[in-house]
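Structural description and commentary
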Amino acid sequence: MAAALVGALAGCSAGDDGGMAARVDAVFAEYASADGPGCSVGVIRDGRLIHAAGYGSANLEYGIPNGPGTIYRIASVSKQFTAGAIALLALRGKVDLDTPVQRYIPEFPDYPDPPTVRHLVHHTSGVRDYLGLFSLAGNRSEDFITNQDILDAITRQRELNFPPGSEYLYSNSGYVLLGEIVARVTGQTLREFAKAEFFDPLRMPHTHFHDDHNEIVRNRATGYSPTDDGFRINMTTLDVVGDGAIYTSVDEWPAWDRNLTEGTVGGPEWVALMHGRGVLTSGDTIPYAFGLSHGEHRGLATVGHGGSWVGYRTGTSRYPDAGYSFVALCNRSRIDPMSLIASTAEIYLEDAMLPPEDVTEGEAEEESEDAPEVPPDHDIPNRARYAGSFYSPELDATYRIMEEGAAGLTLQVGRRDPVALAAESDGQLTIEGGRIFRFSGLIAGRYEAMIVDAGRVRNLRFTRTED
């Protein structure tokens, strides 16, 4: 495959791109207006940046354009740096990947079947996602929380989503814990360790874990979200690192891309470990490796990751057999950067790809296989059974279910506005977004217990309290 690709791509060069730059411009044309935020894109071949461009504005207040040197928050694309730090420490004998998490974080819950460091890396730990936990507790995305707040929330949990190793379920909590392990093993913050071990040797002077939201960052793109009449700033006060919070640019990305193939830092053993996929207890191999996910695009193998947080959307994808990589960093929510770089890759690699019609239906439709929507039923019978207050010690939060109108119920939690509940079935309610509330213990006409399922948080238990 690799030899065939070299022949197919031999005509591509940085100096004579055959109009490819104009075709890339067309891919990003929707985001090119100076009146809105947009993206920076980079095309890397054999570790060198052969094309880079910016579209839209980095800052709408001052009319500053996006460019290859613009600094973006890259959200979950950051996970590969945290995993890379753990991989370095594992190869140096400082971290045992197959040791329970509690060895490095003693306050971590003492589960009968304890998750290991490797489980955290591959999202197979069963540890509940902290973003889900904080949302369920009534916090908003703009509320200030710290790494310690997250550790406190994780240590309050008394259940895992599933037995470690039995399933893959993405969990930001796992990567916050990995960052904490780096700090406790090395005596350095994750930011300090990554700077010393990765960013200084690789000459990435502006790339860093951003652990102080008040810190000034030169050439930073502001994050925005679209509104009915324009855009609003959408930034964060989150100082949490590990699961996200890397700031970097298209200009500096090729240094990291080269390291993932050449192992300038870490060597070939580190490169191999970074790309090693997780294996479930069933023996099945999952696509997720060390902050990197293996995939395929029109017959070509890919390795990459996407990111989404507040007003930032980011994506990277390497085509290892072709020697090409693509990166898109955007400062506007409601952008799909992975789709944009897939379209960019097709410009450069179309001669080596399968024709679109040769892609099987399963590959094309895998992500769009949604269940048919069922309209919610807000006419809830037996409302008195549900109404009242329910407390979860794992969230340290109280849910108040209140009768509303002639036949409805609303849910009030924390600082959030009340939301309408809908009937799924007898003893089961739901709200918009897919959270399921399962009730049990009917005593004297009232349910005494409730279990909440919410995506990356399962089986969260509540008990009725006095109003």
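Up top you'll find the structure we're talking about.
Residues numbered from 1 in each chain as written. Predicted model: local features only at pLDDT ≥ 70, side-chain atom pairs only at ≥ 80, totals over all residues. Heavy atoms only, no water.

Under the definition given, this model contains one disulfide. Cys-39 shares a disulfide with Cys-330; S-S distance 2.2 Å. Disulfide Cys-39-Cys-330: torsion about the S-S bond near 100°, hence right-handed. One end of the pair, Cys-39, is in strand 1 (residues 39-45); the other, Cys-330, is in strand 13 (residues 324-330), with 291 residues separating them in the sequence. For the residue pair Cys-39 and Cys-330, the accessibility class agrees, reading buried in each case. (Disulfide = S-S within 2.5 Å. Helix = DSSP H or I, 4+ residues; strand = E, 2+ residues; numbered from the N terminus. Buried < 20%, exposed > 50% of the residue type's maximum accessible area, 1.4 Å probe, protein only.)

Counting 78 residues, the largest nonpolar core has Phe-198, Trp-256 and Trp-270 as its most contacted members. If you tally residues by element for this core, the top one is helix 3 (residues 79-91), at eight residues. Apart from residues lying up to four places away in sequence, Phe-198 is in contact with Phe-81, Gly-84, Ala-85, Leu-88, Phe-193, Trp-256, Val-265 and Trp-270. (Core = buried A, V, L, I, M, F, W, Y, C linked by side-chain atoms within 4.5 Å. Contact = heavy atoms within 4.5 Å.)

Attention now goes to the side chain of Ser-225. Secondary-structure assignment places Ser-225 in strand 7 (residues 224-227). Overall, the relative accessible area of 15% leaves Ser-225 in the buried class. Of the polar contacts made by the side chain of Ser-225, one reaches the side chain of Ser-333; its length is 2.8 Å. Here Ser-225 is in contact with Gly-230, Phe-231, Arg-232, Asn-234, Gly-311 and Ser-333, once residues within four sequence places are set aside. (Polar contact = N/O pair within 3.5 Å; in protein donor to acceptor, adjacent residues only side chain to side chain.)

With that settled, the discussion passes to the sheet that holds strand 10 (residues 293-297). Here we have six strands laid out as an open sheet, ordered 2-1-13-12-11-10, and antiparallel in their pairing. Because the sheet does not close on itself, it has two edges, and the strands there are strand 2 (48-55) and strand 10. On average, adjacent strands in this sheet sit at an angle of 20° to one another, irrespective of strand direction. (Pairing = 2+ DSSP bridges. Axes fitted to C-alpha atoms, helices over the stretch in contact; angles between N-to-C directions.)

Take helix 3 next. Along its 13 residues, helix 3 runs 18 Å from first to last C-alpha, staying within 8% of the 18 Å computed at 1.5 Å per residue. Most of helix 3 sits out of view: twelve of its 13 residues are buried. Within the sequence span of helix 3, burial applies to Lys-79, Gln-80, Phe-81, Thr-82, Ala-83, Gly-84, Ala-85, Ile-86, Ala-87, Leu-88, Leu-89 and Ala-90. After helix 3 finishes, the residue Gly-93 shows a positive phi value of roughly 80°. (Expected span 1.5 Å × (residues − 1).)

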